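Survey of secondary and tertiary structure
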Amino acid sequence: MTLSDPRGTVEDVPPAIEADGLVKRFGATTALAGASLAAAEGTVLGVLGPNGAGKTTATRVLATLLAPDEGRATVGGYDVVTEPHRVRSLIGLTGQYAGVDEALTGTENLVLIARLLGQPRPAARARAAELLEQFGLTDAAGRAARTYSGGMRRRLDLAASLVGRPRILFLDEPTTGLDPASRNELWDMVRSLVGGGVTVLLTTQYLDEADQLADDIVVIDRGTVVATGTPDELKARAGAAVLQMRPAHGEQLEVVRRVAGELAGATPTVEHGTVAVPAADEALMPAVVRRLDYVGVRLAELTLRRATLDEVFLALTGHRAVDVATADQTDVRETA
Amino acid sequence: MTLDRTVPRDPATAPAPSPPASRRATPAQWASQSVTMAWRSIVQIKHNPSELLDLSIQPIMFVLLFTFVFGGAIGGSTDAYLQFSLGGLIAQNALFLTIYTATGLATDLQKGTFDRFRSLPIARSAPLSGRILGDVLRQLWSLVVLLVVGVVLGFRITTSPLAVLGAFGLLVAFTLAFSWTSVLLGVLARDPEKVQIYGFTVLFPLTFASNAFAPTQTMPGWLQAWVSINPVSRMADALRGLLVGGPVAANAIATLLWGAAFAAVFGPLAVWALRTRV
Ligand SMILES: Nc1ncnc2c1ncn2[C@@H]1O[C@H](COP(=O)(O)OP(=O)(O)O)[C@@H](O)[C@H]1O
Ligand SMILES: [Mg+2]
C-alpha cells in the first residue's frame, strides 16, 4: 500500500472515511443538513462542534447504526448503507455513552466481543487479557464494570472497540466527563493507535482536544460543515489564543477596544468590562501593552488564553456556537 | 500531515491485515453468536444476586405463601390446594419472567450496549435471539425450582414423564411467543424501570384475574367470562392436566392459539420498533 511507499501522497490512497452530503432528520429536527467529510487512511479526523451540532448522528451514520435520509458515505471503501456488514468488519465504535455491559466483569465484556467475532474461547481469553493489560485494567479485570470509575469504564469501552483490531475507529466525545489525567491517558492511547496505522474519527467539543490529536479538523454546526482544515490552518483563521484586557477605569473600555482591534486586525468582543481579541501573533501582547501605556491606559487585568470553541465559532462562522440541544428544548417548551 | 510513521506498531492494537469479505453472517455464525449472547445473559446473573433471588426465591415464596396462607381457605387443605395451584403458579411465574426480555433489552438500549453490538459484524438478530435463548433457560430453571419445591411440599406428579416434558414444551412455546410483547415493551420504554412499571401493571391483572390461584366458579359471573378465556387460565389448566391429570388437548391448543395470536400481533410490531426506534 501507499503508506509504505515513501513517494506516496494522500491522493493515491482512497479515503478511509468519506461522507458526501449526509442528511438526517428526526421529525422536525434536522440533525445533519448535508454534511461532507473525509479522513485519509492512518490519520485522525477531528469533528468539532457544540452540543447538538450533529456529531453523534454523523458518527452513527458512518458506523452503520443509522441510515441517512440523503447523501452517501463509504468506510474502508464500502458503502455504509448497502454493505453494512463489511463496514462493521472494519470498524470499532466507542459511542458517546459507554457501551460496556455493567453487569459483566472487564474480562467478560471483552471475551463476549471476541467470541461474537468468532474467536475460539482460549484466543478470546488471551485477547481480553492482552487488552486489559494494555489499558491498565488487569487489577480490575474480575470486577463488574458497574464498580468501575468513569475513566476505567471509558478505557474498557475503548478496549472493547479494539477487540477485532479495527482499521477504522470512531470515538464519539471520548473524553467528555473525564478528569484531566484520564483525558491525557486517553489521548496517549489514541496516539499509539494511530501510530499502529488505525484511522480515527474523533468528535469533540474542545478545540484543544482536536488540536492535540487531529491531523484534520471538520467544524460542524447545526448539521453542516462550516470549516475544514488542519489545526494550524483553523487556528490561523480563528486565532488559537485570545488576548483579554480589562482597563482599570471602565470609561477607557472604548480606547482599549479600538487599540486592540487595530493591532490584531480583528474585531474584538466586549463583555463584562473586558475586551477580548484573537491573538494570532505572539507579538500582539507586547504591542498592545506598549500602545496602551503610550496612550495612558492602565490595565487591571491582562491575560493570554486559549480560544474557546465559542470564539473559534464566532471567528469562523460569524455567529456564536449555540447549543442546539438546549435551544431545541427551549423551542419545544415555548411552542408547547 | 505525516505519512512517515515512526511509532512502532503495538501488537495489541495493530489493525487486522485483511478484513473478512463476507456480506452477512452465515446461519452457523448466527447460531453461535446467539449462544454467546445467551451465555452473556446468564453470566449477568452471577453479578446480580437480586436476579438470582427473583429467579429462585420469589417462586419458592409464592408457593409457600399461597399454599400455607390461602391453601386452607381456597382448597380446603394445603395438600389439595397445592395439587390445584402449582400449575397456576408455574403459569404466572412464567409470564412474570418474560419481563426479563424487556428489562434486558431496555438496559442495553439505554446504556449503549446495543449500539456496540450493532456495530459488530454479527447477525442482526443475534442480540435478540441470544437474549431470548437466555430467557428460555431462565424459564426452565424456574420451572425446575417450582416443581422441586412443590414436590418437597407434597405435590404429586401423577402423569408420565412424557407429560411432564410436554408441560416444559408448552411453557417454552407459549413464553417464546409471548416474549414478543416484551420485546416491544423493552424497545419502546428504553428504560428498565419503566419496563417494570408498565410490565407489571399489565401482568398482575392478567395473571391474577385467572384461575391460577382460585377456581373460576368462585368468581362473579362477569369475571368468569374473562377468566375462562384468559391465556393464563388456559395454560394453568393445560399444565394441571399434564402434571396431575385432567383434560389437556383443548387447553393446550387454546394456549398455543393465544401464543400464536400474541406473536402475530406483537411480533411485527416489535420488529418494526427495532427497525425504526433503535
Ligand atoms: N434519535 C433522535 N431523535 C430525535 N432527535 C434527535 C435524535 N438524535 C439526535 N437528535 C437531534 O439531532 C440534533 C443533533 O444531535 P447529535 O447528533 O446528538 O448532536 P451532537 O452529538 O453534536 O451533540 C440535536 O438537535 C438532537 O436533539
Ligand atoms: Mg453527541
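Residues numbered from 1 in each chain as written. Chains lettered and ligands numbered in written order. Predicted model: local features only at pLDDT ≥ 70, side-chain atom pairs only at ≥ 80, totals over all residues. Heavy atoms only, no water.

As for the overall build of chain A
Applicable threshold: In this text, helices come from DSSP runs of H or I with a minimum length of four residues, and strands from runs of E with a minimum of two, each type numbered from the N-terminal end. Buried residues are those whose accessible area, probed at 1.4 Å on protein chains only, stays under 20% of the maximum for their type, while exposed residues exceed 50% and partly exposed ones sit between those limits. Shrake-Rupley sampling with a 1.4 Å probe provides the accessible areas, and residues are treated as covered by the protein chains on show and by no other component.
Looking only at helices and strands, chain A features 12 helices and 14 strands. Evaluated residue by residue, chain A yields a buried proportion of 51% over its 336 residues. About 14,500 Å² of surface is accessible on chain A, with carbon and sulfur atoms providing 51% of the total.

Observations regarding the sheet that holds strand β4 (residues 70–75) of chain A
Defined as follows: Any two strands between which DSSP finds at least two bridges are classified as paired.
Taken in spatial order, the four strands line up as β2-β1-β4-β5 (chain A) in an open sheet, and their pairing is antiparallel. The open sheet has two free edges, formed respectively by β2 (29–39) and β5 (78–79) of chain A, since each of these has just one partner strand.

Some thoughts on the packing of helix α2 (residues 49–75) of chain B against helix α3 (residues 78–97) of chain B
Residues and elements named next belong to chain B. Our working definition: Lines are fitted to the C-alpha atoms to define the axes, a helix being fitted only along its stretch in contact, and any angle between axes, read from their N-to-C directions, falls within 0 to 180 degrees. Handedness of a crossing is defined here by the sense of rotation of the near helix relative to the far one, left-handed for an anticlockwise turn of less than a right angle and right-handed for a clockwise turn. We call two residues contacting when some pair of their heavy atoms lies within 4.5 Å. Note on residue classes: Ala, Val, Leu, Ile, Met, Phe, Trp, Tyr, Cys and Pro are nonpolar, Asp, Glu, Lys and Arg are charged, and everything else, Gly too, is polar.
Two numbers describe how α2 lies on α3: the axes approach to 9 Å, and their chain directions differ by 140 degrees. The interaxial crossing formed by α2 with α3 has right-handed handedness. In contact with Leu55, Gln58, Pro59, Phe62, Val63, Phe66, Thr67, Phe68, Gly71, Gly72, Ile74 and Gly75 of α2, α3 contributes Thr78, Ala80, Tyr81, Leu82, Leu86, Leu89, Gln92, Asn93, Phe96 and Leu97. Across the contact of α2 with α3, the residue classes break down as 14 nonpolar, eight polar and no charged.

Quick look at the nonpolar core
The test is simple: To form a nonpolar core, buried Ala, Val, Leu, Ile, Met, Phe, Trp, Tyr and Cys residues must be joined to one another through side-chain atoms within 4.5 Å.
Leu110, Phe135, Leu156, Leu158, Leu169 and Val200 of chain A are the most contacted members of the largest nonpolar core, which has 56 residues in total. If near-sequence neighbours (up to four positions away) are discounted, leucine 156 of chain A is found in contact with Val100, Gly106, Asn109, Leu110, Leu132, Leu137, Ala145 and Tyr148 of chain A. Within the second largest apolar cluster, 45 residues are counted, among which are Leu95, Val145, Val164 and Phe168 of chain B.

What about the coordination of the magnesium ion (ligand 2)?
All names here are of chain A. Selection rule: Counted as donors are the N, O and S atoms within 2.8 Å of the metal, or 3.2 Å for Na, K and Ca, while water is not among the atoms, so some sites may look incomplete.
Every protein donor of the magnesium ion (ligand 2) is accounted for by Thr56 (OG1) and Gln96 (OE1), and the metal-donor separations fall at 1.9 to 2.1 Å. One end of the pair, threonine 56, is in helix α1 (residues 55–62); the other, glutamine 96, is in the loop between β6 (91–94) and α3 (106–116), with 40 residues separating them in the sequence. For threonine 56, a relative accessible area of 26% translates into the label partly exposed.

Concerning the pattern of salt bridges
What counts here: Here, a salt bridge means any Lys or Arg side-chain nitrogen found within 4 Å of an Asp or Glu carboxyl oxygen.
Under the definition given, this model contains 27 salt bridges over all chains. One salt bridge in this structure joins glutamate 70 of chain A and arginine 25 of chain A, with 3.0 Å as the shortest N-O distance. Taken together, the positions of glutamate 70 of chain A in strand β4 and arginine 25 of chain A in strand β1 (residues 17–26) put the pair 45 residues apart, joining distant regions of the chain. Measuring nitrogen to oxygen at the nearest pair gives 3.0 Å for the salt bridge that ties glutamate 83 of chain A to arginine 23 of chain B. Here the residue glutamate 83 of chain A occupies a position in the loop between β5 and α2 (84–88), and arginine 23 of chain B occupies one in the segment before α1 (27–47), the pair thus bridging two chains.

Remarks on the site of ligand 1
Residues and elements named next belong to chain A. Basically, it comes down to this: Definition of nearness: a residue and a molecule or strand are near each other if at least one heavy atom of the residue lies within 4 Å of the molecule or strand. Contacts described as polar in this section are N or O atom pairs within 3.5 Å, which, within protein, must combine one atom able to donate a hydrogen with one able to accept it, while residues neighboring in sequence count only if both atoms come from side chains.
Neighbouring residues of ligand 1: 13 residues in total, closest Gly52, Gly54, Lys55, Thr56 and Thr57. Residue glycine 52 places a main-chain N or O atom 2.6 Å away from an oxygen atom belonging to ligand 1. One nitrogen or oxygen atom from the side chain of threonine 57 is found 2.5 Å from an oxygen atom belonging to ligand 1. Those elements that place two or more of their residues in the shell around ligand 1 are β2, α1 and α12 (324–335). When residues in the shell around ligand 1 are grouped by element, the largest group, three residues, is from α1. Its residues assigned to classes, the shell around ligand 1 shows five nonpolar, six polar and two charged.

A closer look at the interface of chain B and chain A
What counts here: What gets called buried area is simply the loss in accessible area from a 1.4 Å probe that two parts show on being joined, summed for both.
At the interface, 41 residues of chain B touch 59 residues of chain A. When chain B packs against chain A, close to 4,400 Å² is buried across both sides, 56% of that on carbon and sulfur atoms. If you look at where chain B meets chain A, you find six salt bridges. A salt bridge links glutamate 108 of chain A to lysine 46 of chain B; its shortest N-O distance comes to 3.1 Å. Contributing elements (two or more residues each) for the side of chain B that touches chain A: α1 and α5 (113–118) of chain B. It is α1 of chain B that contributes the most residues to the side of chain B that touches chain A, nine residues altogether.

Examining the side chain of serine 233 of chain B
Residue and element names in this part refer to chain B. With respect to the helices, strands and loops of the structure, serine 233 is situated in helix α10 (residues 231–244). Residue classification places serine 233 among the buried residues on the basis of a relative accessible area of 1%. Excluding anything up to four places from it in sequence, serine 233 contacts Ser210, Asn211 and Val227.

Comments concerning the sheet that holds strand β12 (residues 269–271) of chain A
Residues and elements named next belong to chain A. Taken in spatial order, the four strands line up as β12-β13-β11-β14 in an open sheet, and their pairing is antiparallel. Of all the strands in the sheet, just β12 and β14 (299–306) have a single pairing partner and so form its edges. Taking each pair of neighbouring strands and ignoring which way they run, the sheet shows an average axis angle of 20 degrees. Judged from the seven bridges that link them, strand β11 (residues 241–247) and β14 form a sheet pairing that is antiparallel. Of the residues in β14, the one forming a bridge with methionine 245 is leucine 302. Packed onto the sheet, helix α9 (residues 253–264) meets β11, β12, β13 (274–279) and β14 and runs at close to 5 degrees relative to β13.

Concerning the confidence of the model for chain A
Heads up, the rule is: pLDDT is a per-residue confidence score from the predictor, ranging from 0 to 100.
On average, residues of chain A score 86 in pLDDT, and 88% of them are at 70 or above. In the model, residues 1–8 of chain A has pLDDT below 50 throughout and makes eight contacts with residues more than four positions away in sequence or in other chains.

Concerning the confidence of the model for chain B
Residues and elements named next belong to chain B. Looking at chain B, the pLDDT average stands at 88 and 92% of residues meet or exceed 70. No element of chain B has a lower mean pLDDT than α2, which averages 84, and none a higher one than helix α7 (residues 161–189), which averages 95. With pLDDT under 50 throughout, residues 1–9 is counted as low confidence; its partners more than four residues away or in other chains account for 18 contacts. Scored as a complex, the prediction yields pTM 0.82 and ipTM 0.86.

What to know about the packing of aromatic side chains
All names here are of chain B. The following threshold applies: To pair, rings of Phe, Tyr and Trp, with the six-membered ring standing in for Trp, must have centres within 6.5 Å; the planes then decide the type, stacked if under 30 degrees apart, edge-to-face if over 60, and tilted in the middle. Here, over-ring charges are defined by two tests on the NZ atom of lysine or the CZ atom of arginine: distance to the ring centre within 6 Å, and angle to the ring normal within 35 degrees.
Applying the stated criterion across every chain, the model contains 15 aromatic pairs over all chains. For the ring pair phenylalanine 174 and phenylalanine 262, a centre distance of 6.3 Å and an interplane angle of 80 degrees mean the geometry is edge-to-face. Taken as a pair, phenylalanine 174 in helix α7 and phenylalanine 262 in helix α11 (residues 249–277) lie far apart in primary sequence, 88 residues in all. Exposure class is identical for phenylalanine 174 and phenylalanine 262. Each is buried. Arranged with centres 6.2 Å apart and planes meeting at 25 degrees, the rings of phenylalanine 262 and phenylalanine 266 form a pair that is stacked. With phenylalanine 262 and phenylalanine 266 both in helix α11, this residue pair falls four residues apart, about one helical turn. Cluster of aromatic residues (ring-pair linked, three or more members): Phe62, Phe66, Phe70, Phe96, Phe200, Phe204, Phe208 and Phe213. The residue whose ring lies beneath arginine 138 is tyrosine 100, and the NZ or CZ to ring-centre distance is 5.5 Å. Here the guanidinium or amino end of arginine 240 rests over the ring plane of phenylalanine 84, the centre of that ring lying 3.9 Å away.

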